[in-house]
Amino acid sequence: MQQSNGYQQQELLQLSNNINEDELPIVAEFDQPGWVFQDTWRDVPYDWSSLLENVLDASHVPFTHHKSISNRNTVGDYNMHLTEQVSEAGFKGLWKSGPRAGALGPQSSWFRPPCYMQHKIDAAETRGFESMVVVYAVPTGPGKCRLINRNAFRFTRGG
């Protein structure tokens, strides 16, 4: 039996036979004080690429999550522009107006292949907080994956 190697970073445990600590994307902001997060995970009956295609498209939120974390009646234009060229290292983009028709502030997005993405809403000026959604899509078998979802918040002013 081959022994697995592993390490823990930012409350995540990475196990692999061929582990390289630099390959697991971590969230630099989570090393700063004040961030709180809720982690959830779920095995889903579709592959990692379908999961990432869905979560990278932030315009799905008001429709898919209507009356839970969003509202389809407050939809504005979704116009994300690349801020970093698409390459083997992924891409970064910025939605200047952000969700809820601009009521929160800009949203930046980052995709790092093959299985990581994050969205960050900077509502520090408008609402006094920052929030992040971080997704790791872990293949578990043909046509299946495990979603590791990290929802994080940091309050930037009292209130």
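Before any of the text, the structure's been laid out above.
All of these numbers come straight from a predicted model, not from anything done at the bench. (Residues numbered from 1 in each chain as written. Predicted model: local features only at pLDDT ≥ 70, side-chain atom pairs only at ≥ 80, totals over all residues. Heavy atoms only, no water.)

Engineer: What exactly am I supposed to notice about the pairing of strand β5 (residues 90-95) here?
Structural biologist: Looking along a regular strand, one sees the side chains alternate between the two faces of the sheet. Both strand β4 (residues 80-87) and β5 contribute to a ladder of five bridges, which runs antiparallel. Looking at β5, one finds that E84 is bridged to K92. Where β4 folds back on β5, the antiparallel hairpin that results is connected by two residues. (Pairing = 2+ DSSP bridges. Helix = DSSP H or I, 4+ residues; strand = E, 2+ residues; numbered from the N terminus.)

Engineer: What am I meant to see in the state of the cysteines here?
Structural biologist: Two cysteines form a disulfide when their sulfur atoms are joined by a covalent bond. Overall, the coordinates contain zero disulfides when judged by the stated rule. The thiol of C115 is unpaired, and the distance to the nearest cysteine sulfur, on C145, comes to 9.8 Å. (Disulfide = S-S within 2.5 Å.)

Engineer: Which parts of the structure should I look at to understand the nonpolar core?
Structural biologist: Most often, soluble globular proteins keep nonpolar side chains buried together rather than apart. Counting residues in hydrophobic clusters, the biggest one holds 12 residues: V44, L51, L52, V55, L56, F91, F111, M117, V135, A137, C145 and L147. Among the elements of the structure, α1 (48-56), β8 (129-141) and β9 (144-155) are those that each provide at least two residues to this core. Ranked by residues supplied to this core, first place goes to α1 with four residues. Leave out the neighbours within four places in its chain, and L52 touches F111, P114, C115, Y116, M117, V135 and A137. One finds F30, W35, W110 and M132 within the second-largest nonpolar core, a separate group that totals 10 residues. (Core = buried A, V, L, I, M, F, W, Y, C linked by side-chain atoms within 4.5 Å. Buried < 20%, exposed > 50% of the residue type's maximum accessible area, 1.4 Å probe, protein only. Contact = heavy atoms within 4.5 Å.)

Engineer: How do you make sense of a nonpolar patch on the surface when you look at a structure like this?
Structural biologist: A cluster of nonpolar side chains, namely V36, F153 and F155, defines an oily patch on the protein surface of about 320 Å² accessible area. As for its position among the elements, F155 is in strand β9. (Patch = residues over 30% accessible without salt bridge, like charges linked within 9 Å, V, L, I, M, F, W, Y side chains within 5 Å. Areas by Shrake-Rupley, 256 points an atom, 1.4 Å probe, with all protein chains shown as cover. Salt bridge = Lys/Arg side-chain N within 4 Å of Asp/Glu carboxyl O.)

Engineer: Where do I start with the pattern of salt bridges in this structure?
Structural biologist: Side chains bearing opposite charge may pair, as long as their charged atoms lie close to each other. Tallied over the full model, the rule gives five salt bridges. Of the charged contacts in the structure, one is a salt bridge between D43 and R146, with a shortest N-O distance of 2.7 Å. On the criterion of sequence distance, the pair formed by D43 in strand β3 (residues 36-44) and R146 in strand β9 is long-range, its members being 103 residues apart. On the accessibility criterion, R146 (33% relative accessible area) is partly exposed. Where E130 meets R154, a salt bridge forms, and the shortest distance between an N and an O atom there is 2.7 Å. Of the two residues, E130 sits in strand β8 while R154 sits in strand β9, which places them 24 residues apart along the sequence. Judged by its relative accessible area of 7%, E130 falls in the buried class.

Without other data, these values stay purely geometric and don't point to any function.
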